[in-house]
Amino acid sequence: MTIAQRLETLGIVLPPVAVPAAAYVPFVRSGNLVYLSGHIAKKDGQVWVGQLGRNMTTEEGKAAARAVAIDLMGTLQVAAGGLDKVVRIVKATSLVNSTPDFTEHHLVTNGFSELIGEVFGDAGKHARSAFGVAQIPLGACVEIELIAEVA
């Protein structure tokens, strides 16, 4: 099954590459590696605002991280010249807007990791870091950046 077929089976339509909100580019390719800038969670086309441990549950955060995965795949599709050219998802870094006592950043980030694994199979198994932070631009609840190897 191709990546496109997997996405269709999951009912996922990839968005276009978002226009950067500041002085950066959405991705940089260096050799066979593609570095995707951090993508913030969006819901219904708007920034998904919230703070885990204050006004968002872990399950809501997990859904937000899944939404970020979809946006990242839209950018990766352009950066790689097609998702079937992705050799491996190498590393993800997840920032979770959370209160100081929130400790489930890893569970929130699973929303990203589980979908990436479902779409890319073994090539989607990646290294990752998940951090709690005091704030994310525009009040977003989750931001994730990605490194992928491409053919």
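Scroll up for the structure.
First, a word on scope: everything that follows refers to the structure included in this document. Everything numeric in this text was worked out from a predicted model, so none of it was measured.

Parameters and conventions
- Residues numbered from 1 in each chain as written.
- Predicted model: local features only at pLDDT ≥ 70, side-chain atom pairs only at ≥ 80, totals over all residues.
- Heavy atoms only, no water.
- Helix = DSSP H or I, 4+ residues; strand = E, 2+ residues; numbered from the N terminus.
- Rg over C-alpha atoms; globule rule 2.2 N^0.38 Å.
- Contact = heavy atoms within 4.5 Å.
- Areas by Shrake-Rupley, 256 points an atom, 1.4 Å probe, with all protein chains shown as cover.
- Core = buried A, V, L, I, M, F, W, Y, C linked by side-chain atoms within 4.5 Å.
- Buried < 20%, exposed > 50% of the residue type's maximum accessible area, 1.4 Å probe, protein only.
- Pairing = 2+ DSSP bridges.
- Axes fitted to C-alpha atoms, helices over the stretch in contact; angles between N-to-C directions.
- Salt bridge = Lys/Arg side-chain N within 4 Å of Asp/Glu carboxyl O.

### Section: the overall build of the protein
Here is step 1: Within the protein, the regular secondary structure consists of three helices and seven strands.
Here is step 2: Tracing the protein from N to C terminus, the helices and strands come up as α-β-β-β-β-α-β-α-β-β.
Here is step 3: Computed over C-alpha atoms, the radius of gyration of the protein comes to 15 Å, within 12% of the 15 Å expected from 2.2 N^0.38 for 151 residues, which places it in the range of a compact globule.
Here is step 4: With the C-alpha coordinates aligned to their principal axes, the bounding extent of the protein is approximately 40 × 35 × 30 Å.
Here is step 5: Taking the contacts inside the protein whose residues are at least 6 apart along the sequence as the reference set, 80% of them involve residues at least 24 apart.
Here is step 6: When the accessible surface of the protein is totalled, it reaches about 7600 Å², and 55% of it is carbon and sulfur.

### Things to note about the nonpolar core
Here is step 1: Counting residues in each nonpolar core, the largest one holds 40 residues, and the members touching the most others are Met73, Leu76, Leu83, Phe112, Phe120 and Val142.
Here is step 2: Looking at this core, the elements with two or more residues in it are α1 (3-9), β2 (33-40), α2 (58-80), β5 (86-97), α3 (105-120) and β7 (142-150).
Here is step 3: When residues of this core are assigned to their parent elements, the largest contribution, 11 residues, is made by α2.
Here is step 4: Excluding anything up to four places from it in sequence, Met73 contacts Leu7, Leu14, Leu83, Leu115, Ile116, Val119 and Phe120.

### Looking at the sheet that holds strand β1 (residues 27-30)
In sheet architecture, strand pairing relies on hydrogen bonds along the backbone and comes in two forms, parallel and antiparallel.
Here is step 1: Read from one edge of the open sheet, five strands run β1-β2-β7-β5-β6, paired in mixed fashion. A single partner strand is all that each edge strand has here, and the edge strands are β1 and β6 (127-133). The sheet shows a mean angle of 15° between the axes of neighbouring strands, direction not considered.
Here is step 2: For β2 and β7, the ladder comprises six bridges, and the chain directions are antiparallel. In the strand pairing of β7, His39 is matched with Ile144.
Here is step 3: Along the sheet face, α2 touches β1, β2, β5 and β7 and points at about 140° away from the line of β2.

### Remarks on the pairing of β7
Put simply, side chains in a regular strand alternate between the two faces of the sheet.
Here is step 1: Where β5 and β7 come together, nine bridges link them in antiparallel fashion. Bridge pairing in β7 links Ala92 to Leu146.

### Observations regarding the pattern of salt bridges
Here is step 1: Scanning the entire structure with this criterion turns up two salt bridges.
Here is step 2: The partner of Glu114 in a salt bridge is Lys62, and the shortest N-O contact between them spans 3.1 Å. Of this pair, Glu114 sits in helix α3 while Lys62 is found in helix α2, placing the two residues 52 residues apart along the sequence.
Here is step 3: Here Asp122 and Lys125 are joined by a salt bridge, their closest N and O atoms 3.1 Å apart. A single burial state applies to Asp122 and to Lys125, both of which are exposed.

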